[in-house]
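Working through the structure, step by step
So you can see what is in the structure, the chains are spelled out below.
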Amino acid sequence: MTEYSDDLQPKSDDQSTQSQIVTVNNAPSDHPATLWLIDDDAALRMVLADTFEDAGLTVISFTQAQAAWTRLNDVLKQQESAEQLPDVILTDIRMPMMDGLSFSDWVHQHFPKMPIVIMTAHSDLTSAINSYQTGAFEYLPKPFDLDDAVATIYKAINYQPNLETTTVSLADESNTNITSDTSIEDLTKPKAALASKTTKDNKSKGAVENQSNGNPSGIIGQSPAMQTVFRAIGRLAQSPISVLITGESGTGKELVASALHQHSPRKQQPFIALNMAAIPHDLIESELFGHEKGAFTGATTMRQGRFEQADGGTLFLDEIGDMPFSTQTRLLRVLANGEFYRVGGQQPIKVDVRIIAATHQNLEELVKQSRFREDLFYRLNVIRLPLPPLRTRPEDIPALALYFMQSAAEQMGTTPKHLHPAALQIMQTFDWRGNVRQLENVCLWLTVMATGDTVMATDLPPELLENISPNTVLYEEHGPSQEDAQESLVQSGDVLNSSALNNHQNERSSPLPKNQSWQQALADWAEQSLSTGETDILQTATPEFERVLLTAALNHSGGKKIEAASLLGWGRNTLTRKLQQLDISAPRVPTKE
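In what follows, the accompanying structure is described. (Residues numbered from 1 in each chain as written. Predicted model: local features only at pLDDT ≥ 70, side-chain atom pairs only at ≥ 80, totals over all residues. Heavy atoms only, no water.)

1. Thoughts on the overall build of the chain
- Per the secondary structure count, the chain includes 27 helices and 17 strands.
- For the chain, with 593 residues in total, the buried portion stands at 46%.
- Within the chain, counting contacts between residues at least 6 apart in sequence, those at least 24 apart form 72% of the total.
- For the chain, the exposed surface amounts to about 30600 Å²; the carbon and sulfur share of it is 49%. (Helix = DSSP H or I, 4+ residues; strand = E, 2+ residues; numbered from the N terminus. Buried < 20%, exposed > 50% of the residue type's maximum accessible area, 1.4 Å probe, protein only. Contact = heavy atoms within 4.5 Å. Areas by Shrake-Rupley, 256 points an atom, 1.4 Å probe, with all protein chains shown as cover.)

2. A few points about the nonpolar core
- Ranked by size, the top nonpolar core spans 31 residues in total, and within it Leu 288, Phe 307, Leu 315, Leu 317, Ile 320 and Phe 372 carry the most contacts.
- Only strand 8 (271-275), helix 13 (284-289), strand 11 (314-318), helix 15 (325-337), strand 14 (354-359), helix 16 (363-368) and helix 17 (374-380) provide two or more residues apiece to this core.
- Sorting elements by how many residues they give to this core places helix 15 first, with four residues.
- The contacts of Leu 315, once residues within four sequence positions are left out, are Ile 272, Leu 288, Arg 306, Phe 307, Ala 310, Val 353, Arg 354, Ile 355 and Ile 356. (Core = buried A, V, L, I, M, F, W, Y, C linked by side-chain atoms within 4.5 Å.)

3. Description of the sheet that holds strand 15 (residues 383-386)
- One open sheet accounts for five strands, arranged 8-11-14-7-15; its pairing is parallel. In this open sheet, the two edge strands, each paired with only one partner strand, are strand 8 and strand 15. For this sheet, the mean inter-axis angle between neighbouring strands, taken without regard to orientation, is 20°.
- Pairing of strand 7 (residues 243-246) with strand 15 involves four bridges; the strand directions are parallel. Considered in strand 15, the bridge of Ile 245 is made with Leu 385.
- Helix 11 (residues 224-236) rests against strand 7, strand 14 and strand 15 of the sheet, and its axis sits at about 150° to strand 15. (Pairing = 2+ DSSP bridges. Axes fitted to C-alpha atoms, helices over the stretch in contact; angles between N-to-C directions.)

4. Quick word on the pattern of salt bridges
- Applying the stated criterion to the full structure yields 18 salt bridges.
- With a closest N to O distance of 4.0 Å, Arg 333 and Glu 339 form a salt bridge.
- Its relative accessible area of 39% is what places Arg 333 among the partly exposed residues.
- Connected through shared salt-bridge partners, Asp 39, Asp 92 and Lys 142 make up one network. (Salt bridge = Lys/Arg side-chain N within 4 Å of Asp/Glu carboxyl O.)

5. A few points about the packing of aromatic side chains
- Here the structure, examined in full by the defined rule, presents ten aromatic pairs.
- Ring centres of Phe 289 and Phe 307 lie 5.5 Å apart, and the angle between their planes is 5°; this geometry places the pair in the stacked category. Of this pair, Phe 289 sits in helix 13 while Phe 307 sits in helix 14 (residues 306-309), and the two are 18 residues apart along the sequence.
- Given a relative accessible area of 0%, Phe 307 falls into the buried group.
- Taken together, a centroid distance of 5.9 Å and an interplanar angle of 40° make the contact between Phe 307 and Phe 340 tilted. With a gap of 33 residues between them, Phe 307 in helix 14 and Phe 340 in strand 12 (residues 339-340) connect regions that are remote in the sequence. Phe 340 shares its class with Phe 307; the two are buried. (Phe/Tyr/Trp six-rings, centres within 6.5 Å; stacked < 30°, edge-to-face > 60°.)

6. What about the environment of Gln 347?
- Note on placement: Gln 347 falls in the loop between strand 12 and strand 13 (349-350).
- When residues no more than four places from it in sequence are discounted, the contact partners of Gln 347 are Phe 340 and Tyr 341.

Okay, structure coming up:
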């Protein structure tokens, strides 16, 4: 790994021994592809740099985007050779001085052929969309698997044209006034085009929005399934292509459709939503296409249809599977050439409308049953975006429940109630056939019906308590379990130092005093260490704490690294790297004779 500074020129990794090298577009070359890694987290930067070097790349690390910007700007002004340019850039979003989105946008303007991969721990919809709008090649929400990160970087390198094309464009750029458009003061400000409106919206939302990832679209989720949805929205928002959203009822199909519109170039134009199942069949054509005066009994005036109202914007056709077969034929014509006739009309009307359709039904089965036109299906099914049911992403339920409890309290004019951990655990194991809509209704019910400020497990609606195990604890008097506390401890980074860990290992057979928890022991140790003048106690203690957990996981798994990594919640590469850093030898797996 090479740490970049203004006084030190990056050194090639040719001096090091590598089992393989990765080149641009897999072209024959003695020089490996170069990755610029930008992150202000030193520990993560070291792990990533080691990973990518092991994968055959030359890695140059930057602690902040401003240093990388300075280097690129020097190339633009021909103060440095274009040979110094990287083949791919991996950058974090939130950093001091200059944020990753502003940096990515600037790079995309001046080096449009250079791929940038953006990573962030704030993996919400807004971050994903803003990343793609700045020209990012890919978006990696943290935590991510190291193997996936390597695969993404490989894809970015092999996707790009060779460096000669980029160098030619630089010669043209050099004739422009670079410094006037690339002032560092402007770049270190929040990105005006993408971030300012989001920031204002987030401030106006208040605490409720902060708990929902600061996401003005109202789509909440940190699970891998929702990250896939966020990526899809980010990629599709700028496209005029028709999208077919599929998923069970209550999964948020209209929210996704609205997000696609709100982040598209059509966002200043109308977004018209129409539910096919809610309109009588004999009125659907008039609703969609409008009618002329006297076209049928009761048509006393001319009326514009939804297509005309949505001209220039987006028309969302919910439950498209319930559209009558005859109407499907007329819709097919609109999708083909953008023209239609009002009911009773003689003149064609041309519109520019993006169609987003949604359904909870299996359209392929409807086609087989001759209930849905096959040609219309293929017209709509250009891009399919499936939404996951809530029961497959229980890790998102706490954030969703918090948001809905706060929204319900605001609606009822009361103080938000809090969910007890036991109640939340039951909610996470419930089947939620009504998905997010059902969860929202339950939170509203609890706000009205539950007594007290804390919602206990016994306060939950009867349907949530019907199928729980008889052994399930509905009321906990003593707070979280030791396992939960330990997990929280690891996540917060509060750990024991070497001496304290050794003391605990020596006293494993002796339980803690009856009235003293291990948390209290930790607090006593911290106070004692600080009172003796010790500093950087977290940096001293973390390796020892990790050593204990690693050893325990390896012993429990019989030395199987993949299983031990799963027990610790790490990826295989992370565990291997930690073993090397901590100089731990994995126990040998016994072989079968």
